[in-house]
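# What the coordinates show
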Amino acid sequence: MSTPASPDLPTIARQAMIDAGFAPEFPAEVASDLVRIASAGNAATSAAHQNLRSLLWSSIDNAESRDLDQIEVGSDSQTATSAF
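Predicted model, so just to flag it, every value in this text is computed and none were measured.

### Here we look at the overall build of the protein chain
Helix and strand content of the protein chain: two helices and three strands. The helix and strand sequence of the protein chain, counted from the amino end, reads α-α-β-β-β. Taking contacts inside the protein chain between residues at least 6 apart in sequence as the whole, the part at least 24 apart equals 10%.

### Here's the deal with the pattern of salt bridges
Enumeration according to the criterion identifies two salt bridges in this entry. Taking the shortest distance from any N to any O, the salt bridge between R14 and E25 comes out at 3.0 Å. Placement of R14 in helix α1 (residues 9–19) and of E25 in the loop between α1 and α2 (28–40) is noted, with a sequence separation of eleven residues between them. In this structure R14 comes out as partly exposed when scored by relative accessible area, which is 37%. Taking the relative accessible area as the measure of exposure, E25 reaches 47% and is therefore partly exposed. For R36, the salt bridge is made with D33, and the minimal N-O distance between the two is 3.8 Å. Residue R36 and its partner D33 are both found in helix α2; the two are separated by three residues, about one turn of the helix.

### Looking at the confidence of the model for the protein chain
Confidence in the prediction for the protein chain averages 78 pLDDT; 77% of positions are at 70 or higher. Of all secondary-structure elements in the protein chain, the lowest mean pLDDT belongs to strand β3 (residues 81–83), at 56, while α1 reaches the highest, 94.

### A few points about the environment of A13
Within the secondary structure, A13 is located in helix α1. Each C-alpha atom of the pair A13 and P24 lies 9.2 Å from the other, and the pair is eleven residues apart in sequence.

Basis of the calculations
Along each chain, residues carry numbers from 1 onward, in the same order as the chain's sequence is written. Two thresholds apply to this predicted model, a pLDDT of at least 70 for residue-level local features and 80 or more for giving and counting side-chain atom pairs, whereas whole-chain, interface and lining totals are computed over all residues. Side-chain measures were taken over the full set of non-hydrogen atoms in the model, leaving aside hydrogen atoms and water. Numbering of helices and strands starts at the N terminus; helices are DSSP runs of H or I of at least 4 residues and strands are runs of E of at least 2. The contact rule is simple, with two residues in contact once any of their heavy atoms fall within 4.5 Å. Criterion for a salt bridge: a side-chain nitrogen of Lys or Arg within 4 Å of a carboxyl oxygen of Asp or Glu. Buried residues are those whose accessible area, probed at 1.4 Å on protein chains only, stays under 20% of the maximum for their type, while exposed residues exceed 50% and partly exposed ones sit between those limits. Every residue is assigned a pLDDT by the predictor, reflecting its confidence on a scale from 0 to 100.

Here it is, written out as C-alpha cells:
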C-alpha cells in the first residue's frame, strides 16, 4: 500500500494569494528599494523607531483588508491597563 502524496502547501498558498487579489512575488522595484534602504542604514536602530513585534495586537480590519492601519495593542502593568 502506498502513502498518499502530501499536498503541495506552497503552491496552494500561492494560489490562495492570487485568488484573494494579492501578488505573491515582489516587483523588481522592491529589490532596488531594499538595496537603497539597506545602504541608508537600519531603521530599527534609529531612536525614532521602536521594534514593536513582541507586542500582542489585534486588528479590527476585515479578512479582505490589505492593510493594518487600524490595530490595537494592549499593555498591562501593575498600576493600569492601557490600549494604544
